[in-house]
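Listed here are the chains, written in short residue letters.
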Amino acid sequence: MTELLNYSFTHFTLNSIKPKFNSGFETRKLISRTVHCVLTEDTKVSVVKNGKDSLEICRVVNGMWQTSGGWGKIDRDNAIDAMLKYADAGFSTFDMADIYGPAEDLYGIFINRVRRERPPEFLENVKGLTKWVPPPVKMTSSYVRKNIDISRKRMDVASLDMLQFHWWDYSNNGYLDALKHLTDLKDEGKIKTVALTNFDTERLQIILENGIPIVSNQVQHSLVDMRPQQKMAELCQLTGVKLITYGTVMGGLLSEKFLDTNLSIPFAGPPLNTPSLQKYKRMVDAWGGWSLFQALLKTLNKVALKHGVTIPTVAVKFVLDQPSVAGSMVGVRLGLSEHIKDCSAVFSLKLDEEDVSSIREVISKGKDLMRVIGDCGDEYRRA
């Protein structure tokens, strides 16, 4: 799984705004709603606001998929110390899920240390974004409430900062029932903002038409996977919904470690020894193969050397600069390695026209993954 520009729209219809994308589905009238999404003057944070719902997040988000196993044994105390170190450096937004092993429990321990050891104003900046990934069963109010209460208990918070909802089977429209119940829980104060993860453009539009105040959709987005900048980003620009991206450094493939390597020769390159490296290597294969990926890495390395940064920093900055992107995920292997220096450099890096042009020239040579895979999230729903 998954590992803000100023928009204001009131009483709009997609037809009246005349969108450019050819969505392949009928354009329908959206419910009247005021949506504001603001990027503050501090480029480190995004404030996403939909109606009365508002949440400020760091634009580089700490992704906690890597605590779920497969990346190395996580020591709990070392992990909490690492979370505090990230937060002290300004990276105070953590993304997790109910299915990410101990992630929510780690956050609960971490947030209690913040309460004890940091001033109240520090606590206000810490955000915990979690997900609910249920089986596509009947979504009753009691079932939804029970599962959200589990996350609240694990994270030790009265109200979840953001609940990002995932749904496996679009042929079952129970996702609308679930989201309506989640909205009720938001109105009760148990959730501050309701969001999505890995939903496609068509379903996002349907959800908005049903008056559900979605603030963001978390989707896979990298230099290799530019699908979100097709239909999804255009709908987001019309409605004010924002994108939180994961897979932005492709599990570490977009780094100097894999520059000038040949994975076709056994043991010649770094091992693909984590679930994320294996996952994103398959994306490389679908996009254009290892040779083209090497051309991309060489271009990114040239840009990185020019600005005195690293390849991952360039990769994250490029995606953050794309329309409708509020934040990008960088996975954290808590207590095993850290990326604070590279992440800090993202905020001072400015890619010029030459940089952007050279990067776009290489990525344009890859296959259109919208045609190969489908829209955002379709990789999780194909037979």
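All values reported here derive from a predicted model rather than from experimental measurement.

**Q** Describe the overall build of the protein chain, listing the residues and the values that go with them.
**A** The helix and strand tally for the protein chain stands at 14 helices and 12 strands. Put simply, the protein chain has 383 residues, and 59% of those count as buried. Accessible area of the protein chain: about 15,900 Å², with a carbon and sulfur share of 50%.

**Q** With reference to specific residues and values, describe the pattern of salt bridges.
**A** For the structure shown, the criterion picks out 28 salt bridges. For Glu117, the salt bridge identified is with Arg118, shortest N-O distance 3.7 Å. Overall, the relative accessible area of 37% leaves Glu117 in the partly exposed class. You can call Arg118 partly exposed: its relative accessible area is 22%. The shortest N-O distance in the salt bridge between Arg203 and Asp200 comes to 2.7 Å. We note that Arg203, like Asp200, is buried. Salt bridges linked by common partners bring Asp81, Asp88, Arg113, Glu117 and Arg118 together as one network.

**Q** Explain the nonpolar core to me, using residue names and the numbers behind them.
**A** The biggest cluster of nonpolar side chains holds 118 residues, and the ones touching the most others in it are Leu182 and Phe293. With residues near it in sequence (within four places) discarded, Phe293 still touches Val224, Met250, Leu253, Leu254, Val284 and Trp287.

**Q** How would you summarise the sheet that holds strand E6 (residues 93–95) if you had to cite specific residues and measurements?
**A** If you trace the 8 strands once around the closed barrel, you get E5-E6-E7-E8-E9-E10-E11-E12, paired in parallel fashion. Between one strand axis and the next, the sheet turns by 30° as a mean value, whatever way the strands run. With 3 bridges joining them, strand E9 (residues 194–197) and strand E10 (residues 214–220) adopt parallel strand pairing. Considered in E10, the bridge of Leu196 is made with Asn217.

**Q** Tell me what's going on with the packing of aromatic side chains, and back it up with residues and numbers.
**A** Going through the model one piece at a time under the given rule, you end up with 14 aromatic pairs. Ring geometry for Phe91 against Phe347: centres 5.9 Å apart, planes inclined by 20°, an arrangement best described as stacked. One end of the pair, Phe91, is in the loop between helix H2 (76–88) and E6; the other, Phe347, is in the loop between helix H12 (340–346) and helix H13 (353–363), with 256 residues separating them in the sequence. Judged by relative accessible area, which is 16%, Phe347 ranks as buried. Seen from their ring centres, Trp132 and Tyr143 are 6.0 Å apart, and the 45° between their planes marks the pair as tilted. Placement of the pair is Trp132 in strand E7 (residues 127–132) and Tyr143 in helix H5 (residues 141–155), with a sequence separation of 11 residues. Of the residues examined, Tyr143 reaches a relative accessible area of 26% and is grouped as partly exposed. Geometry around Tyr170 places Arg203 over its ring, the cationic atom sitting 4.0 Å from the centre. Sitting above the plane of the Phe199 ring, Arg381 keeps its charged end 5.8 Å from the centroid.

**Q** Pulling in residues and values, what's your account of helix H3 (residues 103–117)?
**A** Helical geometry note: an α-helix holds 3.6 residues per turn, so side chains three or four residues apart project in the same direction. The end-to-end C-alpha separation of H3 is 21 Å, in line with the 21 Å expected for 15 residues at 1.5 Å each. Here H3 has its buried residues at Ala103, Glu104, Leu106, Tyr107, Gly108, Phe110, Ile111, Arg113 and Val114. Where H3 is buried, its residues touch H2, E6, helix H4 (120–125), E7 and H5.

**Q** An account of unusual backbone geometry is requested, with residue identities and associated values reported.
**A** Not every positive phi belongs to a glycine, and Asn198 is a case in point at roughly 60°. Along the chain, the position of Asn198 falls in the loop between E9 and helix H7 (201–209). Its identity as a non-glycine residue notwithstanding, Met250 has a phi of 55°, on the positive side. The residue Met250 is located in the loop between strand E11 (242–246) and helix H9 (275–287) in this model. Residue classification places Met250 among the buried residues on the basis of a relative accessible area of 1%.

Cut-off values and rules
Residues numbered from 1 in each chain as written. Predicted model: local features only at pLDDT ≥ 70, side-chain atom pairs only at ≥ 80, totals over all residues. Heavy atoms only, no water. Helix = DSSP H or I, 4+ residues; strand = E, 2+ residues; numbered from the N terminus. Buried < 20%, exposed > 50% of the residue type's maximum accessible area, 1.4 Å probe, protein only. Areas by Shrake-Rupley, 256 points an atom, 1.4 Å probe, with all protein chains shown as cover. Salt bridge = Lys/Arg side-chain N within 4 Å of Asp/Glu carboxyl O. Core = buried A, V, L, I, M, F, W, Y, C linked by side-chain atoms within 4.5 Å. Contact = heavy atoms within 4.5 Å. Pairing = 2+ DSSP bridges. Axes fitted to C-alpha atoms, helices over the stretch in contact; angles between N-to-C directions. Phe/Tyr/Trp six-rings, centres within 6.5 Å; stacked < 30°, edge-to-face > 60°. Lys NZ or Arg CZ within 6 Å of the ring centre and 35° of its normal. Expected span 1.5 Å × (residues − 1).

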